[in-house]
Every structure is written in structure tokens, then in C-alpha cells.
Amino acid sequence: MQPCPLCHSEQHGVFVEDKNRCYFRCQQCVLIFADPEAQLSPEQEKAVYDQHQNNPDDMGYRQFLGRLATPLVERLPAGPLDGLDFGSGPGPTLSIMLEEMGYNMAIYDPYFAPDPSVLTRQYDFVTCTEAIEHFNQPAKEWGLLLSMIKPGGWLGLMTKLATDAEAFTRWHYKNDPTHVSFFSRDTFRFLAQRDGLEVEFVGNDVILLRKTQ
């Protein structure tokens, strides 16, 4: 078995197994990850994403994204700021909402907005909503996210948080075949301590991290 895809620890074991996949949990960073052998191909993955009906005119979707946008904006300093929405999907909406609030926004998505030039810049904040659970190489992708945030800047995440094995077995979130990395509060606390971040949990699925150096 390969090392943990997030922290590279060799200390992990089977957490839960269902009819579709086996899931492992790392003893160091507590990431739960699906068996890499069961991951979809890029073509299969995109076919699933193409079915998403994200629309910036959908007020329900805007309200959903507002659960991240509102607390994040409350913590941002005044002034013209630059932001990036990473994993913006087939219908970028959060970036439009933040532009309407006066922020300069860029977007990136490996399938729908694959502009590598935006990944070479630094931003006052980066958002990543319902995307981190899709990370096939979370160590690489987490490092990329942090590299794009200025010192003192913010990372705003939205993802459902994993809990115990009993709840995980019944969790609909794991049944999406494109969901391969499952984070918990303990995982984010580990990353915050390791990477010099302040972490704050807002509700059940919003995580705000500030880069302190």
C-alpha cells in the first residue's frame, strides 16, 4: 500500500469497506482516502462533473455558497483585494458573487477553466468549495493552494467533514465515485499546526484558514 496521499505517513489501515471501494484512514493526519485502484479516469471524472447543474442565477445555489462567502468576507481586510476560486466547476458562481462585492477574481478548474497562468500568482484569498474531496493527490494540491496565498491571506474551504466509522458507513457523501479524499476537523487541525495556519470551523462544512507567515 502506498503512503498517505496527504502527509506521506506509512501508518494507515483499512477504515471502512463497502461494495464499491475500500477506504483507508491515516493515523497521523486522519485523512480518510479511497483506494487509489478504484479511482476514476479523468474522462470518467469529467463525465460526472458535466452532469452538475450549477447556475449563477440560481438563488438557492447562491445561498448555499453564501455560507462560505459571508464569513470569509467578514474576516477580509478593507481595500481592493485579489481572490482565486479554485475548482470553479462548470458554472462559476462564487467568483461572480465576490466580484459583485468588489473583489478582483480569477478562476481555475482543471476541466472547465484550465488556465495554468492563474496558478503562478499569489492572492489575498483563495476559495475552494466542494472540490477538496475530489483531490486525487491532496499533498500536491494542498501545497499548491498554500503557495498561492499571500502571507496573512485566507483560504476558504467548503467540504463535508468526516466523523467516526459508524457514521461513515451510512454517509451518502462517500458514495460519489469522484469523492476520494475525506477530511475531518482533526485533519485540518493537523495541517494548520504543520503549515503555520490559524483554523476556524464555521458550521458543519465551512473551514477558514489564515496563513500566518
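Structure: see above.
Residues numbered from 1 in each chain as written. Predicted model: local features only at pLDDT ≥ 70, side-chain atom pairs only at ≥ 80, totals over all residues. Heavy atoms only, no water.

Peer 1: Could you clarify how one ought to interpret empty space enclosed by the protein in this entry?
Peer 2: Empty space among the atoms can be located by rolling a probe the size of a water molecule over them. Under the definition given, this model contains 1 cavity of 30 Å³ or more. Gln39, Leu40, Glu45, Asn136, Pro177, Thr178 and Val180 together form the lining of the largest cavity. By residue class, the composition of the lining of the largest cavity is 3 nonpolar, 3 polar and 1 charged. (1 Å grid on protein atoms, 1.4 Å probe; cavity = no way out; pocket = protein on both sides within 12 Å on 5 of 7 lines; lining within 4 Å. Points joined across faces, edges and corners; volume = space filled by probe spheres on them. Nonpolar A, V, L, I, M, F, W, Y, C, P; charged D, E, K, R; others polar.)

Peer 1: Sorry if this is basic, but what is going on with the pairing of strand E7 (residues 149-158) here?
Peer 2: In regular strands, side chains alternate between the two faces of the sheet. With 7 of 10 residues buried, E7 lies mostly within the body of the structure. Examined bridge by bridge, strand E6 (residues 123-129) and E7 share 6 bridges and lie parallel to one another. When the sheet's bridge partners are listed, Cys128 is paired in E7 with Leu157. Traced from E6 through helix H4 (residues 138-147) to E7, the parallel crossover comes out right-handed. Where E7 and strand E10 (residues 206-211) come together, 5 bridges link them in antiparallel fashion. Note that in E10 the partner of Gly156 across the bridge is Leu208. (Buried < 20%, exposed > 50% of the residue type's maximum accessible area, 1.4 Å probe, protein only. Helix = DSSP H or I, 4+ residues; strand = E, 2+ residues; numbered from the N terminus. Pairing = 2+ DSSP bridges. Right-handed = clockwise from strand over helix to strand, strands pointing away.)

Peer 1: Looking at this model, I keep getting lost on unusual backbone geometry. Mind explaining?
Peer 2: Among all residues except glycine, the phi angle is most often negative; among peptide bonds, the trans geometry is most common. You will see that His8, though not glycine, has its phi angle at about 70 degrees, which is positive. When you line up the elements, His8 lands in the segment before strand E1 (12-17). Its identity is not glycine, yet Glu130 carries a phi of approximately 50 degrees, on the positive side. Residue Glu130 is classed as partly exposed on the basis of its relative accessible area, which comes to 22%.

Peer 1: Sorry if this is basic, but what is going on with the packing of aromatic side chains here?
Peer 2: Aromatic ring pairs are reported here in terms of the distance separating the ring centres and the angle at which the planes meet. Under the criterion given, the structure shown has 15 aromatic pairs. Measuring from centroid to centroid gives 5.1 Å for Tyr23 and Phe168, while their planes differ by 75 degrees, and the two rings are edge-to-face. Here Tyr23 is found in strand E2 (residues 22-26), whereas its partner Phe168 is found in helix H5 (residues 165-170), with 145 residues between them in sequence. Tyr23 gets classed as buried once you look at its relative accessible area, which sits at 1%. (Phe/Tyr/Trp six-rings, centres within 6.5 Å; stacked < 30°, edge-to-face > 60°.)

Peer 1: Would you take a moment to explain the sheet that holds E7 for this structure?
Peer 2: Within a beta sheet, neighbouring strands are joined by backbone hydrogen bonds and run either parallel or antiparallel to one another. In space, the 6 strands of this open sheet follow the order E5-E4-E6-E7-E10-E9, with mixed pairing throughout. Two strands lie at the open edges of the sheet, namely strand E5 (104-108) and strand E9 (197-202), each paired on one side alone. With strand direction ignored, the average angle separating the axes of adjacent strands in the sheet is 20 degrees. Note that strand E4 (residues 82-86) and E6 share 3 bridges and pair parallel. Bridging from a neighbouring strand, Asp85 pairs with Thr127 of E6. (Axes fitted to C-alpha atoms, helices over the stretch in contact; angles between N-to-C directions.)

Peer 1: Explain the pattern of salt bridges to me, please; I cannot follow it from the model alone.
Peer 2: Oppositely charged side chains can form a pair if their charged atoms are brought close together. For the structure on display, the rule yields 12 salt bridges. Residue Arg75 is joined to Glu200 by a salt bridge in which the shortest nitrogen-to-oxygen separation is 2.6 Å. Here the residue Arg75 occupies a position in helix H2 (residues 59-75), and Glu200 occupies one in strand E9, the gap between them amounting to 125 residues. Looking at Glu200, the relative accessible area reads 30%, which means it is partly exposed. Lys150 serves as the salt-bridge partner of Asp124, at 3.5 Å between the closest nitrogen and oxygen. On the criterion of sequence distance, the pair formed by Asp124 in strand E6 and Lys150 in strand E7 is long-range, its members being 26 residues apart. Accessibility expressed as a relative area gives 18% for Asp124, which makes it buried. Several salt bridges converge on common partners, so that one network encompasses Arg67, Glu130, Lys160 and Asp205. (Salt bridge = Lys/Arg side-chain N within 4 Å of Asp/Glu carboxyl O.)

Peer 1: Please clarify how the layout of surface pockets should be interpreted in this entry.
Peer 2: In this structure, the largest pocket occupies an estimated 790 Å³ of space. Of all the secondary structure elements, the ones that give two or more residues to the lining of the largest pocket are helix H1 (42-49), H2, E4 and H4. A class-by-class count of the residues in the lining of the largest pocket yields 16 nonpolar, 12 polar and 9 charged.

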